[in-house]
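Coordinates in review
Listed below, chain by chain, are the residues.
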Amino acid sequence: MPISSYRPRLRDLRPLVPASLPAPSAPTLAPALARTTPASDFAGRAGYDPAHLPDFAVALPSTAGVRSDVRAVPGRDDGRLDYTHFSLVLSASRRLALFTAANLDGAQSVSVPRGGDPWALDGRLPAAAQVGKELYADNDFDRGHLVRREDPNWGADAATANRDTFHFTNCAPQLSAYNQQTWLGLEDLVLGNTRRQHERASVFTGPVFRADDPVYRGVAIPLAYWKVIAFVHDDGTPSATAYMIDHDVDLGRVELIFGLYKTYQRSVAAVERATGLDFGALALRDGFSNEEAATGARVERVIRVAADVLV
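So, here's what we can say about the structure. All of these numbers come straight from a predicted model, not from anything done at the bench. (Residues numbered from 1 in each chain as written. Predicted model: local features only at pLDDT ≥ 70, side-chain atom pairs only at ≥ 80, totals over all residues. Heavy atoms only, no water.)

Let's talk about the nonpolar core
Counting residues in hydrophobic clusters, the biggest one holds 26 residues, and the most contacted among them are Val58, Phe204, Trp226, Val228, Phe279 and Leu282. Of all the elements in the fold, those that place two or more residues in this core are strand 5 (97–105), strand 12 (224–232), strand 13 (238–247) and helix 3 (268–275). The element that contributes the greatest number of residues to this core is strand 12, accounting for five residues. Counting 21 residues, the second largest nonpolar core, distinct from the first, contains Leu81, Leu88, Leu104 and Ala201. (Core = buried A, V, L, I, M, F, W, Y, C linked by side-chain atoms within 4.5 Å. Buried < 20%, exposed > 50% of the residue type's maximum accessible area, 1.4 Å probe, protein only. Helix = DSSP H or I, 4+ residues; strand = E, 2+ residues; numbered from the N terminus.)

Now the structure itself:
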């Protein structure tokens with residue numbers, strides 16, 4: 001089979017074993033050469049601003065529930081990596097982001113053309129702590145932005161923000177059958193609304209890490225992702241909404257890992273349960289979380305088109 005047509009198959013993958021059992025060794029590729037941004041280049045990056053929304057402070061989610069998995073960052077005690085208009089915290093065990101947090105500003109949005117934006121490692125961390133280009137070589141895995149490229153591109157530093165999104169710390173392996181249309185349509189809805197209404201939003205995104213995620217080239221591949229959006233309604237009401245996209249295929253019954261995905265509007269509380277993160281009082285601003293708390297029943301809504309979103 002020609003290298004160019006290679007697709008990872010289930011026989012190339014293995015499930016993670018429960019944490020209580022010793023994990024078998026897995027073959028990995030030798031690290032491929034990748035550009036590295038020197039740590040000094042990030043001097044002055046302020047990162048995510050919890051006071052970005054008017055009269056609605058939105059702190060980063062607490063990682064207390066997953067503290068042992070937070071990748072240490074030199075000079076910090078919270079694992080936070082700051083970029084232009086966004087920040088993230090990396091998982092030590094998975095070498096992918098536990099979460100990303102970005103500030104959007106529709107009034108100052110700048111369209112930055114894409115082109116000549118090579119992915120790079122973050123020099124503030126060892127290369128071995130990051131999943132780099134070796135995972136994505138000669139297969140159908142996409143280098144998926146967690147903080148969407150356009151989201152932090154606003155104000156005088158838009159071009160810098162654009163470049164900052166092209167770091168492997170902000171990247172996750174997304175499958176070729178990933179529900180791009182619905183998930184990106186949701187992001188378009190958020191970004192488009194902030195531009196049209198000249199409003200702001202704070203967007204948190206990340207993968208769901210599960211013990212049975214399949215492993216490819218030594219990397220456990222997330223099969224689900226989540227997004228939490230904080231914003232202020234036209235009437236001034238602080239609000240939040242949450243979404244999850246999940247693989248909808250029984251991996252034991254299909255040949256390829258690539259399959260259908262479904263996007264759901266879920267509760268912030270559901271994201272907390274899936275990730276171990278704590279969004280604090282943000283769940284109180286989410287109608288789905290409040291309904292779950294009142295009824296004790298799971299609340300979700302399948303999203304096929306942007307009009308299915310309830311805010």
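As for helix 3
Burial analysis of helix 3 places six of its eight residues in the buried class, which makes it a mostly covered element. Those residues of helix 3 that sit buried are Val268, Ala269, Ala270, Val271, Glu272 and Thr275. Of the residues trailing helix 3, Gly276 is marked for its positive phi of about 80 degrees.

Concerning helix 4 (residues 287–295)
Owing to its 3.6 residues per turn, the α-helix brings residues three or four apart onto one side. Regarding helix 4, the residues found buried are Phe288, Ser289 and Glu292. Down the axis of helix 4, the buried set is contained in an arc of 100 degrees. They therefore lie on one face. For helix 4, the exposed residues set more than 90 degrees away from the buried face come down to Ala293 and Ala294. The residue sitting at the N-terminus of helix 4 and contributing the capping side-chain oxygen is Asp286; that oxygen lies 3.2 Å from the backbone nitrogen of Phe288. Of the residues flanking the end of helix 4, it is Gly296, one or two places downstream, whose phi is positive at about 75 degrees. (Arc of directions from axis to C-beta. Polar contact = N/O pair within 3.5 Å; in protein donor to acceptor, adjacent residues only side chain to side chain.)

Describing the pairing of strand 8 (residues 171–174)
Neither face of strand 8 is left uncovered, since the one carrying Cys171 and Pro173 and the one carrying Ala172 and Gln174 both have all their residues buried. Bridge analysis of strand 7 (residues 142–145) against strand 8 gives four bridges, and the strand direction is antiparallel. Considered in strand 8, the bridge of His145 is made with Cys171. (Pairing = 2+ DSSP bridges.)

As for the environment of Val219
Its place among the elements puts Val219 in strand 11 (residues 219–220). Of the residues examined, Val219 reaches a relative accessible area of 4% and is grouped as buried. Leaving out residues up to four positions away in the same chain, Val219 has contacts with Arg95, Val131, Leu135 and Pro214. (Contact = heavy atoms within 4.5 Å.)

Here's the deal with the pattern of salt bridges
Counted according to the given criterion, the structure contains twelve salt bridges. The closest approach of N and O atoms between Arg149 and Glu150, which form a salt bridge, is 4.0 Å. Arg149 sits in the buried class, given a relative accessible area of 12%. (Salt bridge = Lys/Arg side-chain N within 4 Å of Asp/Glu carboxyl O.)

Details of unusual backbone geometry
Phi angles above zero are rare outside glycine, and His85 is one such case at about 70 degrees. The topology assignment puts His85 in the loop between strand 3 (80–82) and strand 4 (86–90). You can call His85 buried: its relative accessible area is 14%. Even without being a glycine, Arg217 presents a positive backbone phi close to 55 degrees. For Arg217, the position within the fold is in the loop between strand 10 (214–216) and strand 11.

Quick notes on the pairing of strand 5
Burial runs high along strand 5: nine of the nine residues are buried. Judged from the five bridges that link them, strand 4 and strand 5 form a sheet pairing that is antiparallel. Across the sheet, the residue bridging to Ser87 is Ala101, located in strand 5. Connecting strand 4 to the next strand, strand 5, in antiparallel fashion are six residues, including Arg95 with a positive phi near 65 degrees. When strand 5 meets strand 9 (residues 200–207), the two strands line up antiparallel, connected through six bridges. In the strand pairing of strand 9, Ala101 is matched with Phe204.

Here we look at the packing of aromatic side chains
Applying the stated criterion across every chain, the model contains nine aromatic pairs. Ring centres of Phe42 and Tyr83 lie 5.5 Å apart, and the angle between their planes is 85 degrees; this geometry places the pair in the edge-to-face category. Taken as a pair, Phe42 in the loop between strand 2 (35–37) and strand 3 and Tyr83 in the loop between strand 3 and strand 4 lie far apart in primary sequence, 41 residues in all. Accessibility expressed as a relative area gives 0% for Tyr83, which makes it buried. Ring geometry for Trp119 against Phe168: centres 5.7 Å apart, planes inclined by 35 degrees, an arrangement best described as tilted. Here Trp119, found in the loop between strand 5 and strand 6 (120–122), pairs with Phe168, found in the loop between helix 1 (158–164) and strand 8; they are 49 residues apart in sequence, far enough to count as distant. (Phe/Tyr/Trp six-rings, centres within 6.5 Å; stacked < 30°, edge-to-face > 60°.)

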